[in-house]
Number of protein chains: 2
Amino acid sequence: MIKVGIVGYGNLGKGVTLAVNKAMDMECVGIFTRRAPETIKPIVDYPVYSVDKLDEFVGKVDVLLLCGGSATDLPKTTAKLLEKFNTVDSFDTHAKIPEYYESLEKIAKANGTLSAISIGWDPGMFSIARTLFGAVMPDGKDYTFWGKGVSQGHSDAIRRIDGVVNAIQYTIPKEQALDAVRSGLNPHLTTRDKHYRECFVAVKDGADKLAIEKAIKQMPNYFADYDTTVNFVSEDKVKEMQRKLSHGGLVFRSGNTTDENAHLLELSLKLDSNPEFTGSVLTAYARAVARLSKEGRSGVLTVFDIPIKYLSPLSESELRATLL
Amino acid sequence: MIKVGIVGYGNLGKGVTLAVNKAMDMECVGIFTRRAPETIKPIVDYPVYSVDKLDEFVGKVDVLLLCGGSATDLPKTTAKLLEKFNTVDSFDTHAKIPEYYESLEKIAKANGTLSAISIGWDPGMFSIARTLFGAVMPDGKDYTFWGKGVSQGHSDAIRRIDGVVNAIQYTIPKEQALDAVRSGLNPHLTTRDKHYRECFVAVKDGADKLAIEKAIKQMPNYFADYDTTVNFVSEDKVKEMQRKLSHGGLVFRSGNTTDENAHLLELSLKLDSNPEFTGSVLTAYARAVARLSKEGRSGVLTVFDIPIKYLSPLSESELRATLL
């Protein structure tokens, strides 16, 4: 059995908890939280400890699944935990991945530990698709679409506008853009062509809705480059929508082997729960880290470095006989 | 530069030739054929040799791309060539892969050579999807569809019927089956539910069309379990259709993380030319074999064993910076 620990118990931590519970080859030594452990009743009956107790688990856990956020949690916690533990995380600030990789690689090599970073669906499964598709179809063009799904950053940006009580923002791929890509025309698509943004906003009594709608639609970086629709709804409605954390997306590669022969490669994900699916991907890669560490590997790995066989509970010969 | 040799110059060999020509990090030492070399004018201006000359290239080529058929060519030629060369092949008789693997593994290990087997899109990219999807969504169901594309075996079977001059058969996924899978209903699908078969048949003057249609539709193993349509067309029409070797398919995984939350994962390929696309996949894996061999690896590998990074001409840090 692979022994795992879950660090952090927000939405992602809950998703990981569910996934670890479904993994027949894993047992969970505990959930580790910065909150008071007694305030947490986990969705599966695993022991809950303060993160301060982690030191007592050195040598007793094969891999820690880190369920903090990329903005502030992971850069700090991964570096520290990697001195004593193998780790898996979902660091997803694309622009900062090289720097994050370099800093952790030194720590892992110095301590003989192993870390899989930026695991999930994007970065993660979409990165595999972009690289595999590009390698087998070098003369071609990539398209990545996200959604329909909630953008936390855009929802936050709306909430900062004066008069707004609560808000949720959906990023939605435009059907006509998907159709253009699927037609094999290799279209040039601007930011505005690819996605639109749909906002559901609850405002204070007597707030100037027209001014708020304008403030949203003209907000640079977040909305100005997009077609945006704004719907004013009740606070209860926003709260209800916030309970459903669905997401998804598509990766396309459209290319040619000759002038006459075109090829279209497509990966599509439709996810009812982003944190539960991401937690499930993290758990499969935790299996890989535990195995590779037992084989003596140390350092930092991404999805590009890990053979697919390490993710599956099946043996190599079972995989060849049943899934090849 | 990676030095490759191309063994066999049928449809797949031509596809590989085109792909090697597009690979900036590869050079082709030659195309090796069992035919008289002077009878072949390759689509790219590479030297053509008799396969008997291959011995003169020992030590001068990093990897051979084997472009023979699975039925008779590959089992014999791969075993022999692997004594002296690294190889990549597209062995696709699913049921015989374990046996093929075992027999080649002994030869490769004894000779310090490296072989990637069963490379292409199915087996190959679809195998990656089935395994990755299954690992990240263990509580779920797999669906693989093929087509629209030509089945060579079914076309051959029709041609053996008395009175038939020529024939081509397309395997086509049923839209209602795709819709049922995409709806997330996890339907139980029989063979008949998933695909139908469309036949275009040219017959001799005065042949009994009704009897031929019946012979096709009732043929056990090939057609009896399917909904089949038979179209009688001219010999020229069949020949024209035989020039377009398009194919494709889809891999789905439909699963749940909780009773409420379902997830749908889909890989789809639409290929204008099956041999050109397969040749392109073989070429990407030839890059991996050349690199892994330089790192000292020997033995037999499948798509399950090879990290995605080895397929790309980009460096590891470029991959992390641009495609992760």
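Let me begin by describing the structure that accompanies this report.

Quick notes on the rules
- Residues numbered from 1 in each chain as written.
- Chains lettered and ligands numbered in written order.
- Predicted model: local features only at pLDDT ≥ 70, side-chain atom pairs only at ≥ 80, totals over all residues.
- Heavy atoms only, no water.
- Pairing = 2+ DSSP bridges.
- Helix = DSSP H or I, 4+ residues; strand = E, 2+ residues; numbered from the N terminus.
- Least-squares fit on C-alpha atoms with pLDDT ≥ 70 in both.
- Contact = heavy atoms within 4.5 Å.
- Buried < 20%, exposed > 50% of the residue type's maximum accessible area, 1.4 Å probe, protein only.
- Polar contact = N/O pair within 3.5 Å; in protein donor to acceptor, adjacent residues only side chain to side chain.
- Buried area = accessible area lost by both parts, 1.4 Å probe.
- Salt bridge = Lys/Arg side-chain N within 4 Å of Asp/Glu carboxyl O.

Each strand in a sheet pairs with another by means of backbone hydrogen bonds, the pair being arranged parallel or else antiparallel. Residues and elements named next belong to chain B. Taken in spatial order, the seven strands of this open sheet run E3-E2-E1-E4-E5-E6-E14, and their pairing is parallel. Each of the sheet's edge strands pairs with one partner strand only, and the pair in question is strand E3 (48-50) and strand E14 (299-301). Both strand E5 (residues 87-88) and strand E6 (residues 114-116) contribute to a ladder of two bridges, which runs parallel. By the bridge assignment, Val88 is partnered in E6 with Ala116.

Let us now look at the sheet that holds strand E3 (residues 48-50) of chain A. Residues and elements named next belong to chain A. Within the open sheet, the seven strands sit side by side as E3-E2-E1-E4-E5-E6-E14. Their pairing is parallel. Whereas interior strands pair on both sides, the edge strands pair on one side only; in this sheet they are E3 and strand E14 (299-301). Where strand E1 (residues 2-7) and strand E4 (residues 63-66) come together, four bridges link them in parallel fashion. Looking at the pairing, Val4 lines up with Val63 of E4.

Placing chain B over chain A gives an RMSD of 0.0 Å and needs a rotation angle of 180 degrees, together with 0.0 Å of translation along the axis. Put plainly, the chains are arranged around a two-fold axis. Here 100% of the contact residues of chain B are again contact residues in chain A; the copies associate through an equivalent surface.

With respect to the element layout, Thr17(A) can be found in helix H1 (residues 11-22). When residues no more than four places from it in sequence are discounted, the contact partners of Thr17(A) are Ile6(A), Tyr9(A), Ile31(A), Ile43(A), Val44(A) and Tyr46(A).

Residues and elements named next belong to chain A. Relative to the elements of secondary structure, Arg34 occurs in the loop between strand E2 (26-33) and E3. When its relative accessible area of 63% is taken as the criterion, Arg34 is described as exposed. Here Arg34 is in contact with Val51 and Asp73, once residues within four sequence places are set aside. Of the polar contacts made by the side chain of Arg34, one reaches the side chain of Asp73; its length is 3.4 Å.

Opposite the 63 residues of chain B that make contact, chain A presents 64 residues. When the buried surface of chain B facing chain A is broken down by residue, Phe304(B), Arg320(B) and Leu324(B) rank first, second and third, together holding 15% of it. At the surface where chain B touches chain A, the tally comes to four salt bridges. One salt bridge connects Lys309(B) with Asp305(A), and the closest N-O pair in it is separated by 2.8 Å. Inspection of the chain B/chain A interface yields 33 residue pairs in polar contact (both at pLDDT 80 or more). At 10 residues, the largest contribution of residues to the side of chain B that touches chain A is made by strand E13 (residues 262-271) of chain B.

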